[in-house]
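Survey of secondary and tertiary structure
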Amino acid sequence: MLTTQEQLNNLRLEVQKCTKCSLCESRNKIVFSDGCNNAPIMFIGEAPGHNEDITGIPFIGRAGQLLRKFMFDVGFSKDDFYIANTIKCRPPQNRKPKTEEKEACKRYLEKQIELVNPKIIVLVGSTALESFIQDKKLTISKARGQIFEIDNRKYIPIFHPSYLLRYHSMDEGTPRYLFKKDLEMIQELIKEG
Ligand code: URA
């Protein structure tokens, strides 16, 4: 019987060999995950960007650094989270992932969710939101900060940190203010157990 760690390692090796969509032709590295394998919270972003493609680590570029700064500011520790994306390879010019790319990668993400088994899944931005909550009218601005309970798991959408790079104010009601508020709420839910 393999441990969770071993199963995740095997899955990572499988993804490294993946040729299910054309993104495999342009990738440098697959971007599988970062963080703790039995974390209570899983963050799911859109897709790797340039820095992620070079390093193989999700959310390591400018937007990712901002996300991580906010997370640590509200009190998250390294053991609290696991980070992945809707797809594992960088789309050219950082365009949004195509439906067929998300479909090709879906089983890998589903397996990660099953193995990590987080209490809360944080949907970072509209691409992750659309992948999990099938409601075409639901924008990220409306959905952020809400809790969607699906199959005994909480899904909480938040703004994508790349959106915050354009707005610097922390005043009440601004994107950064709301982002911090959502992360604080998530942190509280984890503390409650
Ligand atoms: N944006 C994402 O959605 N994911 C990353 O890993 C990096 C930037």
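Right, let's walk through the structure included here. (Residues numbered from 1 in each chain as written. Predicted model: local features only at pLDDT ≥ 70, side-chain atom pairs only at ≥ 80, totals over all residues. Heavy atoms only, no water.)

What follows deals with the pattern of salt bridges. For the structure shown, the criterion picks out 11 salt bridges. Note that R68 is salt-bridged to D34, the shortest N-O span being 2.9 Å. Here D34 lies in strand β1 (residues 34–35) and R68 lies in helix α4 (residues 62–73), a separation of 34 residues in the sequence. Note on accessibility: R68 and D34 belong to one class, buried. When the shortest N-O distance is used, the salt bridge between E188 and K191 registers 3.2 Å. Of this pair, E188 and K191 both sit in helix α9 (residues 175–192), 3 residues apart, which is roughly one turn of the helix. For E188, a relative accessible area of 40% translates into the label partly exposed. (Salt bridge = Lys/Arg side-chain N within 4 Å of Asp/Glu carboxyl O. Helix = DSSP H or I, 4+ residues; strand = E, 2+ residues; numbered from the N terminus. Buried < 20%, exposed > 50% of the residue type's maximum accessible area, 1.4 Å probe, protein only.)

The strand order across the open sheet formed by 6 strands is β1-β3-β2-β4-β6-β5, and the pairing between neighbours is mixed. Edge positions in the open sheet fall to β1 and β5 (148–150), since each of these has one partner strand only. Bridge count for strand β2 (residues 41–45) against strand β4 (residues 120–124) is 4 bridges, and the pairing is parallel. Its bridge partner being in β4, I44 is matched across the sheet by L123. Helix-sheet contacts for α4 involve β1, β2, β3 (81–85) and β6 (153–158), and the interaxial angle to β3 is about 160°. (Pairing = 2+ DSSP bridges. Contact = heavy atoms within 4.5 Å. Axes fitted to C-alpha atoms, helices over the stretch in contact; angles between N-to-C directions.)

Tallying each qualifying case throughout the model produces 1 cavity of 30 Å³ or more. In this structure, the largest cavity is lined by 14 residues; those nearest its centre are C18, C21, K88, C89 and C105. For the lining of the largest cavity, the secondary structure elements donating two or more residues are α2 (23–26) and α5 (99–116). A breakdown of the residues in the lining of the largest cavity according to their chemical character gives 10 nonpolar, no polar and 4 charged. (1 Å grid on protein atoms, 1.4 Å probe; cavity = no way out; pocket = protein on both sides within 12 Å on 5 of 7 lines; lining within 4 Å. Points joined across faces, edges and corners; volume = space filled by probe spheres on them. Nonpolar A, V, L, I, M, F, W, Y, C, P; charged D, E, K, R; others polar.)

Before going further, it helps to spend a moment on the site of the ligand. The ligand sits among G45, E46, A47, E52, P58, F59, N85 and H160. Within the side chain of H160, a nitrogen or oxygen atom sits 2.8 Å from an oxygen atom of the ligand. Out of a free accessible area of 240 Å², the ligand has 92% covered by protein chains. A breakdown of the residues in the shell around the ligand according to their chemical character gives 3 nonpolar, 3 polar and 2 charged. (Near = heavy atom within 4 Å. Polar contact = N/O pair within 3.5 Å; in protein donor to acceptor, adjacent residues only side chain to side chain. Areas by Shrake-Rupley, 256 points an atom, 1.4 Å probe, with all protein chains shown as cover.)

Glancing now at the side chain of E101. Mapping E101 onto the fold places it in helix α5. Residue classification places E101 among the buried residues on the basis of a relative accessible area of 3%. Look past the residues within four positions of E101 in its chain and what remains in contact with it is C21, L23, I87 and R95.

Counting buried positions over the 5 residues of β3 gives 5, a clear majority of the element. Of the two faces of β3, both are covered, the one formed by F81, I83 and N85 as well as the one formed by Y82 and A84. In the sheet, β1 pairs with β3 via 2 bridges, with the strands oriented antiparallel. Note that in β3 the partner of G35 across the bridge is Y82. As paired strands, β2 and β3 are joined by 5 bridges and run parallel to one another. Bridge pairing links G45 to N85 in β3.

Another aspect to go through is the packing of helix α1 (residues 4–16) against α5. Between α1 and α5, whose axes approach to 10 Å, the crossing angle comes to 170°. By the angle between their axes, α1 is roughly antiparallel relative to α5. Contact residues: α1 offers T4, Q7, L8, L11, E14 and V15, while α5 offers R107, Y108, K111, Q112, L115 and V116. Looking at the contact of α1 with α5 residue by residue, the class counts come to 6 nonpolar, 3 polar and 3 charged. (Parallel < 35°, antiparallel > 145°, perpendicular 65-115°, else oblique.)

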